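Observations on the model geometry
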Amino acid sequence: MFKRFAISIVLSSFFLVNSAYAAKPKILKKTELKPGTPAIGFTVFRGTEPERFEVILGEVFDLAGIDLITARIHGGPFPLAPLEKVGPIAAMSGSPVYINCHNYDDCQDNGILVGAVSIRPESFIISGDNAYITPAEDMGGTKSFRYLSRETFQRFGLIPLESISPILPIFDAQNSGATYDSCKQLADKDLKAGSMISVYAIRGDLPVYASGTVTWRDGNHIYAFGHSLTGSGRVLFTFFQSRVVTTIQSLAHPFKVTGCPVGNEGAIILDGSREIVGIVGLQIKHIDFKFTLNTGSSIHTLNSH
């Protein structure tokens, strides 16, 4: 009797644990990759809702001991210029790419996740490959890979695609005509694959943060960026879901103008070599400080929290 009861508890625990990971996507293994396969990617170009762009998959490329998938991204929403002309956009880093599906909902239910658009070449031919994808097989927060510094990426003519900014929240609040409706707090379910997040490095009068895209969400865990932020391993950084004011399509440096926080805060707990991993709803206690600079003629203060 006791043995049957114990077995039933074990089986119930097994199914409960597995149901918690029901949102984990089907993943394309690198050995299953077929160059030339069409795929679909999603990222936020304006506002908070992910929009579609097109992808042609290439081959697995070895970069100093780590694997990337070459790709050609193209299309994107009108009236933006096609992505084949400007290439990947800063803060697209982490944008999920799927095969075997036709639209966003279909990709979430039936698609196979190839990986995250994460790296941009410094130069490319319009008709050729213009992006690199971190394989989903190498993400997940449990694998150990060698960390590559930004100097290594630069040596190969590559640029990680997160966007780092100290001033754009001020721009959005004061100069963009943002309204309450455009900055209202979103429901937890609105933080999903393709959503935009920003990770605080400094909070306060002059916040500094890095912005990128969620690759997938598994329960309360999110996997984002497709590359490391600092490569420092276990961390505690606050992140929030953010709004995109607009997308600037400069040929030299296209980037998303990140706007106001729209809620769904949490904590980044792992700054891994192939992604950052966060927990939605986890709060961090910050230390407040006040920095004062006396220049003789004036005094400047900076409050942080």
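Scroll up to find the structure.
Below or above, wherever it landed, is the structure these notes cover.

Residue placement: Tyr 223 occurs in strand E12 (residues 221-224). Judged by relative accessible area, which is 7%, Tyr 223 ranks as buried.

Bringing the pairing of strand E11 (residues 208-218) into the picture now. Across the 11 residues that make up E11, a large majority, 10, are buried. The sheet contact formed by strand E10 (residues 196-202) and E11 spans six bridges and is antiparallel. For Ile 202, the partnering residue across the bridge sits in E11 and is Val 208. Examined bridge by bridge, E11 and E12 share four bridges and lie antiparallel to one another. Residue pairing for E12: Arg 217 is matched across the bridge by Ile 222. Connecting E11 to the next strand, E12, in antiparallel fashion are two residues, including Gly 219 with a positive phi near 65°.

Below, the discussion takes up the nonpolar core. Core analysis: the largest hydrophobic core is formed by 21 residues, its most contacted members being Val 55 and Leu 57. Of all elements in the fold, only strand E3 (51-63), strand E4 (66-74), helix H2 (83-86), strand E5 (95-99), strand E6 (112-121) and strand E7 (131-135) reach the threshold of two or more residues within this core. Listed in part, the 15 residues of the second largest apolar core include Tyr 104, Ala 116, Trp 216 and Val 277.

Attention shifts here to the pattern of salt bridges. Summed over the entire model, instances satisfying the criterion amount to seven salt bridges. Across the pair Glu 49 and Lys 192 runs a salt bridge, and its minimum N-O distance is 2.8 Å. Placement of Glu 49 in the loop between strand E2 (38-43) and E3 and of Lys 192 in the loop between helix H5 (168-175) and E10 is noted, with a sequence separation of 143 residues between them. One network of salt bridges, in which partners are shared, links Lys 30, Asp 67, Asp 138 and Arg 274.

So, on to the packing of aromatic side chains. Aromatic ring pairs are reported here in terms of the distance separating the ring centres and the angle at which the planes meet. Scanning the model with the defined rule gives seven aromatic pairs in all. Each ring, one from Tyr 200 and one from Phe 240, has its centre 5.0 Å from the other, and the planes form 45°; the classification is tilted. In this pair, Tyr 200 sits in strand E10 while Phe 240 sits in strand E13 (residues 233-248), placing the two residues 40 residues apart along the sequence. Both residues of the pair, Tyr 200 and Phe 240, belong to the buried class. Connected via pairs of aromatic rings, a cluster forms that spans Phe 42, Tyr 98 and Tyr 104.

Phe 78 connects to Pro 79 through a cis peptide bond whose omega is 10°. Notably, Ala 64 is not glycine yet its phi reads approximately 50°, a positive angle. Counting through the fold element by element, Ala 64 comes out in the loop between E3 and E4. On the basis of relative accessibility, which here comes to 25%, the residue Ala 64 falls in the partly exposed class. Of note, the phi angle at Asn 264 is positive, near 55°, even though the residue is not glycine. Its place among the elements puts Asn 264 in the loop between strand E14 (255-261) and strand E15 (266-271).

Let us look at the side chain of Ser 228. If you trace the backbone, Ser 228 turns up in the loop between E12 and E13. Aside from chain neighbours lying at most four places away, what touches Ser 228 is Tyr 147, Arg 150, Asp 271, Gly 272, Ser 273 and Glu 275.

Another aspect to go through is the pairing of E13. One ladder, built from three bridges, connects E10 with E13; its direction is antiparallel. The residue of E13 that forms the bridge with Val 199 is Phe 239. Alignment of E13 against E15, held across five bridges, turns out to be antiparallel. By the bridge assignment for E15, Thr 238 is matched with Ala 267. One ladder, built from five bridges, connects E13 with E14; its direction is antiparallel. Paired with Ser 242 across the two strands is Pro 261, which belongs to E14. In this structure, the hairpin formed by E13 and E14 is closed by a connection of six residues.

About the cut-offs
- Residues numbered from 1 in each chain as written.
- Predicted model: local features only at pLDDT ≥ 70, side-chain atom pairs only at ≥ 80, totals over all residues.
- Heavy atoms only, no water.
- Helix = DSSP H or I, 4+ residues; strand = E, 2+ residues; numbered from the N terminus.
- Buried < 20%, exposed > 50% of the residue type's maximum accessible area, 1.4 Å probe, protein only.
- Pairing = 2+ DSSP bridges.
- Core = buried A, V, L, I, M, F, W, Y, C linked by side-chain atoms within 4.5 Å.
- Salt bridge = Lys/Arg side-chain N within 4 Å of Asp/Glu carboxyl O.
- Phe/Tyr/Trp six-rings, centres within 6.5 Å; stacked < 30°, edge-to-face > 60°.
- Contact = heavy atoms within 4.5 Å.

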